[in-house]
Structure formats: C-alpha cells, structure tokens
Amino acid sequence: MTHTAPESKPHTFPHADAAQCACCGLALSKGGYDVPFIGVVGPKCVLKFVAFAEVLKFIEGRAITTTASREFNFSASRVITGLRVLGFEVSTDGGTFHVARRTRRLNDVVKSWKKVRAEFERDLKAASGLEGQVAA
Ligand SMILES: [Zn+2]
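Conventions used here
Residues numbered from 1 in each chain as written. Predicted model: local features only at pLDDT ≥ 70, side-chain atom pairs only at ≥ 80, totals over all residues. Bend = angle between axes of the 7 residues up to and from the residue. Helix = DSSP H or I, 4+ residues; strand = E, 2+ residues; numbered from the N terminus. Buried ≥ 20, exposed ≤ 12 C-beta atoms within 10 Å, placed from the backbone. Contact = placed C-beta atoms within 7 Å. Core = buried A, V, L, I, M, F, W, Y, C linked by C-beta atoms within 7 Å. Axes fitted to C-alpha atoms, helices over the stretch in contact; angles between N-to-C directions. Parallel < 35°, antiparallel > 145°, perpendicular 65-115°, else oblique. Left-handed = near helix turned anticlockwise from the far one by under 90°. Pairing = 2+ DSSP bridges.

**Thoughts on helix H3 (residues 106-130)**
In the structure, H3 departs most strongly from a straight axis at valine 116, where the bend amounts to approximately 55 degrees. Residues of H3 that are buried: Val110, Phe120, Asp123, Leu124 and Ala127. Looking at the buried residues of H3, the elements they touch are helix H1 (50-59) and helix H2 (70-86). Glycine 132 sits one or two residues past H3 and shows a positive phi near 90 degrees.

This is the structure:
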C-alpha cells in the first residue's frame, strides 16, 4: 500500500541528540532530528516540519527580482509574509532574501505552524509552479 499524504514525505534533517522533543515535549531516548530554528524534534513530529524546511529553502538566498510574473510574485510574497507573521525575521540585505532569526517564542511558533502549515504548502506549491515565469 502506498501512502501519499504530505506526512509521508521523506525528510533530510540531520539526526541529533536531545532529551525531549522541541515540538511536543516527548522524551527522546534515541535522539531526534534537528529542524532549523525549531530544535531537535522526535521522529513523528519531524514530519510536520518537512514543509517548513521547504519554505526556508524557497526563501533563503532568493534574489529579489523585478522580472518575475505578477502571479509568481503574489505567491512568493504570500510565503515570505507568512513566514514573517509566523515569527521569523526575513532580511533583504544585498539583494537576496535571508531568514535571519526567530522572533517569537518557540512554543508560539510551533502552535501557529500547526494551524498554517496547509496554507504554506498550498502557497509554496503555487509559487514553485510559477517559478521562472517572467512578467509579460
Ligand atoms: Zn514531538
């Protein structure tokens, strides 16, 4: 049986030792996976952050361009604004986007992420689909 829910996507977070999951607080006897800006989370919780890693990857180092299509800019700015609202500072120094730091408490970010994850997944998919389109 194949299971294609987003939860089943493979992840590439490095294994790391921690006493408990940064997401749910569960004790981690075998350690967990290090999620950027979040911390070490357990094998179950890590699956909730696959899309989060994709958001970071999408934004980090992205050149600020004026030639992309309006549709792409719309979707991309939803992703970037969403991350700022979620609790991250996104800087634009030197003409590229850079996820600088977390600005809200970890617990608040984790709680919010669970609520907005589906929106991010949708916006990211839309933006990725329009990638490379140039303004008419
Ligand atoms: Zn957990």
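Picking up after the structure, the text goes on.
**Points about the nonpolar core**
Core analysis: the largest hydrophobic core is formed by 30 residues, its most contacted members being Val35, Val41, Val55, Val79 and Leu124. With six residues, H2 is the largest single contributor of residues to this core. With sequence-adjacent residues up to four places away left out, valine 79 is seen in contact with Val55, Phe58, Ile59, Phe120, Asp123, Leu124 and Ala127.

**Focus on the packing of H2 against H3**
For the pair H2 and H3, interaxial distance at closest approach is 9 Å and the crossing angle is 165 degrees. If you check the angle between H2 and H3, you find them roughly antiparallel. Every pair of crossing elements has a handedness; the one defined by H2 and H3 is left-handed. Side by side, H2 and H3 meet where Glu71, Phe72, Ser75, Ala76, Arg78, Val79, Gly82 and Leu86 of the first sit next to Val109, Ser112, Trp113, Val116, Glu119, Phe120, Asp123, Leu124, Ala126, Ala127 and Leu130 of the second.

**Quick notes on the sheet that holds strand E3 (residues 39-41)**
With antiparallel pairing, three strands are arranged side by side in an open sheet as E1-E2-E3. At either end of the open sheet lies a strand with only one pairing partner, and these are strand E1 (15-16) and E3. Where E1 lies against strand E2 (residues 32-35), two bridges are found, and the strand directions are antiparallel. Looking across to E2, one finds that histidine 15 is bridged to tyrosine 33.

**Topic: the environment of asparagine 107**
By the secondary structure assignment, asparagine 107 is in helix H3. Sequence separation of asparagine 107 and cysteine 24 is 83 residues, and the distance between their C-alpha atoms is 9.2 Å.

**Some details on the pairing of strand E4 (residues 88-91)**
Along any regular strand, the residues point their side chains to alternate faces of the sheet. Two elements, E4 and strand E5 (residues 98-102), share four bridges in a ladder whose sense is antiparallel. Across the sheet, residue valine 90 finds its bridge partner in E5, namely valine 99. Taken together, E4 and the strand that follows it, E5, pair antiparallel across an intervening segment of six residues, in which glycine 94 is found at a positive phi of about 70 degrees.

None of the figures reported here should be taken as evidence of function without further support.
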